[in-house]
Amino acid sequence: MKYPRCDQTVAWGALQGHLQAHGLDLDLRERFAQDPQRVQRFTVQAPHIHADLSRAHLDVATVRHLLDLARECGMEARRDALLAGEPVNMTEGRAALHTALRAPRGVGLHSDLVHDTLDRMLAYVDGIRATAGGSAPDDIHHVVNIGIGGSDLGPQMVVPALDPFVHPKLSFHFVSNVDGHNLAAVLRRVRPEHTLFVIASKTFATQETMANAQAARQWFLDQGGQDIARHFVATTTNVDGASAFGIRDTFGFWDWVGGRFSMWSSIGLPIALALGREHFKDLLAGAYEMDTHFAQTPLAVNLPVRLGLLDVWYRNFKGYTSRCVAPYHHGLRRLPAYLQQLVMESNGKRVDEGGQPLPYLTSDVVWGEPGTNGQHAFFQMLHQGTDIIPVEFILVRQSTHRDEDQWSPALRELMARQHQVLLSNGLAQAQALMWGKTPAEAAQEVVPTANPALSADVLAHHRSFPGNRPSLTLVLDQLTPQSLGALVALYEHRTFVSGALWGINSFDQWGVELGKAMCQSLLPRLASGDVSGLDGATAAMIERLR
Ligand code: F6P
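Cut-offs used in this document
- Residues numbered from 1 in each chain as written.
- Predicted model: local features only at pLDDT ≥ 70, side-chain atom pairs only at ≥ 80, totals over all residues.
- Heavy atoms only, no water.
- Near = heavy atom within 4 Å.
- Polar contact = N/O pair within 3.5 Å; in protein donor to acceptor, adjacent residues only side chain to side chain.
- Areas by Shrake-Rupley, 256 points an atom, 1.4 Å probe, with all protein chains shown as cover.
- 1 Å grid on protein atoms, 1.4 Å probe; cavity = no way out; pocket = protein on both sides within 12 Å on 5 of 7 lines; lining within 4 Å.
- Sits in = over half its atoms within 2 Å of the grid points.
- Nonpolar A, V, L, I, M, F, W, Y, C, P; charged D, E, K, R; others polar.
- Salt bridge = Lys/Arg side-chain N within 4 Å of Asp/Glu carboxyl O.
- Helix = DSSP H or I, 4+ residues; strand = E, 2+ residues; numbered from the N terminus.
- Buried < 20%, exposed > 50% of the residue type's maximum accessible area, 1.4 Å probe, protein only.
- Points joined across faces, edges and corners; volume = space filled by probe spheres on them.
- Pairing = 2+ DSSP bridges.
- Right-handed = clockwise from strand over helix to strand, strands pointing away.

Let's talk about the site of the ligand
Inference 1: Among the 13 residues in the neighbourhood of the ligand, the closest are listed as Ser151, Ser201, Lys202, Thr203 and Thr206.
Inference 2: One of the backbone nitrogen or oxygen atoms of lysine 202 is found 2.7 Å away from an oxygen atom of the ligand.
Inference 3: Notes on the ligand: free accessible area 400 Å², of which the protein chains cover 86%.
Inference 4: Among the cavities detected, the one that contains the ligand is the largest pocket.
Inference 5: Of the residues that constitute the shell around the ligand, the class distribution is two nonpolar, nine polar and two charged.

The following block contains the structure:
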């Protein structure tokens, strides 16, 4: 497949010209005043997700040029190659077929393999859930997932996100960090006879996971735990490694599932244990709906494509360095962490397929916190700082609290009001970012806490907001397994789109290897104190830490 590099296309030149002529000083307030249809023009509907891009820093011509860029770069052919299982992960000669994990039986590639494994895993899930929280001596009350990166972040994000759907008698714990404080804090809360440890590792070789798994097994035996085979289960592509560890029940997956795309595979076992078979299937079904949208919808109304193009526009033309993800739903509090791996491990690359350094920027930095908490921390900078940081608001129209049916009418009313407060906060932040406040407007206001010695003019400048700060808003009707599945798949495909436009391999992660190798060689030196041949900084630090 040979397509021009993005910066060598006609569309790239057109975008540069457009930026100089119209895009540099695009003022959202003026655009809204000039175009009463702006919201409709910049709204894209995808399964379970309504996206309002009207407050993004772009206009109709920008979108037209970006779509030209997608066509010139062979976006449709690249997408089709991904979905057809071609080895798009070219440095490892592998496909990236996470979409196969959520296709219904009989549809798509590897269907029998995927569904046989899924059925086996769900039968296991049924068995555990049937007696979970029961009073028999070894009924499972706690599930401890031991894994890191893609073997942790998906389950750790999804389980709290779907809390109202979680088995009421099961508690979930996540141990990822090699720092023993993580494991120790969990072990304090559980008993061996009532705990299921899920050892999650694609390779079954990751240092952190192996260290935590060994320590957990030691604790289990020390505490009089009887049956390792019942209390330890593995999710991995390395079945031999798991059985060497002494694990009987192993749920596999395949090398064509990347770690950060693996929550749909057996790595999702904690999710399935939490939600049960039907809701886990709903999660897959929601993702499949987004896959179908991505595969079949024309580029202009294809939400992952439109968002991936926006990422390229912001990064390569507007020069924005990061984006803030602000989910206005407490359940989505781990979504920014999940997206950090998805986006930055995928697109934090600097060479093209031929290994040549790229002359343009790739991945932005993704960060964020749930609203409204972020408002009381870093939103100050978003409103008045010197950087322009696009914000992604995720709003959920209706709340779905656990135990709502047991609440008194008075409590229900109070909680319904809290949801309105939450939503108005999200709306207000997007509005404030865009409209800002002029010094003249600020000067009209009486401020009781202001320093009386300060001139009104100086104070007004401190209290003014430049406005015209970009955002986009994704709206979900409710946070359900289906809508969450669609949301995560949306971000996956969007990440693929920007990576494909940049001409990088979004599916490898060589950048994590160097530090891993250096750690292996430093570990014995920390014990022995041998600093010979090390650089001065590392040697001095070893001496200080010993
Ligand atoms: O950090 C590198 C990485 O390989 C991630 O891509 C992966 O998700 C994580 O480590 C965990 O790997 P494994 O599932 O093999 O333990």
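Some thoughts on the pattern of salt bridges
Inference 1: Within this structure, the stated rule accounts for 29 salt bridges.
Inference 2: The partner of glutamate 392 in a salt bridge is arginine 323, with the nearest N and O atoms 3.8 Å apart. Within this pair, whereas glutamate 392 is found in strand S10 (residues 391-396), its partner arginine 323 is found in strand S8 (residues 322-328), the two being separated by 69 residues in sequence.
Inference 3: Judged by its relative accessible area of 3%, glutamate 392 is buried.

Comments concerning empty space enclosed by the protein
Inference 1: Tallied over the full model, the rule gives three cavities of 30 Å³ or more.
Inference 2: As for the largest cavity, its lining consists of 15 residues, and the residues nearest its centre are Asp311, Tyr314, Arg323, Asp364 and Pro390.
Inference 3: Elements that contribute at least two residues to the lining of the largest cavity include exactly helix H14 (303-318), S8, S10 and strand S11 (471-476).
Inference 4: The greatest single-element share of the lining of the largest cavity, amounting to four residues, is contributed by H14.

Things to note about the pairing of strand S2 (residues 49-52)
Inference 1: Sheet topology places strand S1 (residues 43-46) next to S2; four bridges connect them, and they run antiparallel. Looking at the pairing, alanine 46 lines up with isoleucine 49 of S2.
Inference 2: Between the antiparallel neighbours S1 and S2 lie two residues, among them histidine 48 with a positive phi of about 70°.
Inference 3: As paired elements, S2 and S11 share three bridges and run antiparallel to each other. The partner of alanine 51 across the bridge, within S11, is leucine 474.

What about the pairing of S8?
Inference 1: Among the seven residues in S8, seven count as buried, and that is most of the element.
Inference 2: Neither face of S8 is open: one carries Ser322, Cys324, Ala326 and Tyr328, the other Arg323, Val325 and Pro327, and all of them are buried.
Inference 3: Examined bridge by bridge, S8 and strand S9 (residues 365-368) share four bridges and lie parallel to one another. Within the sheet, the bridge partner assigned to serine 322 lies in S9 and is valine 365.
Inference 4: Handedness of the β-α-β unit built from S8, helix H15 (residues 335-347) and S9 comes out right-handed.
Inference 5: Alignment of S8 against S10, held across five bridges, turns out to be parallel. By the bridge assignment, tyrosine 328 is partnered in S10 with leucine 395.

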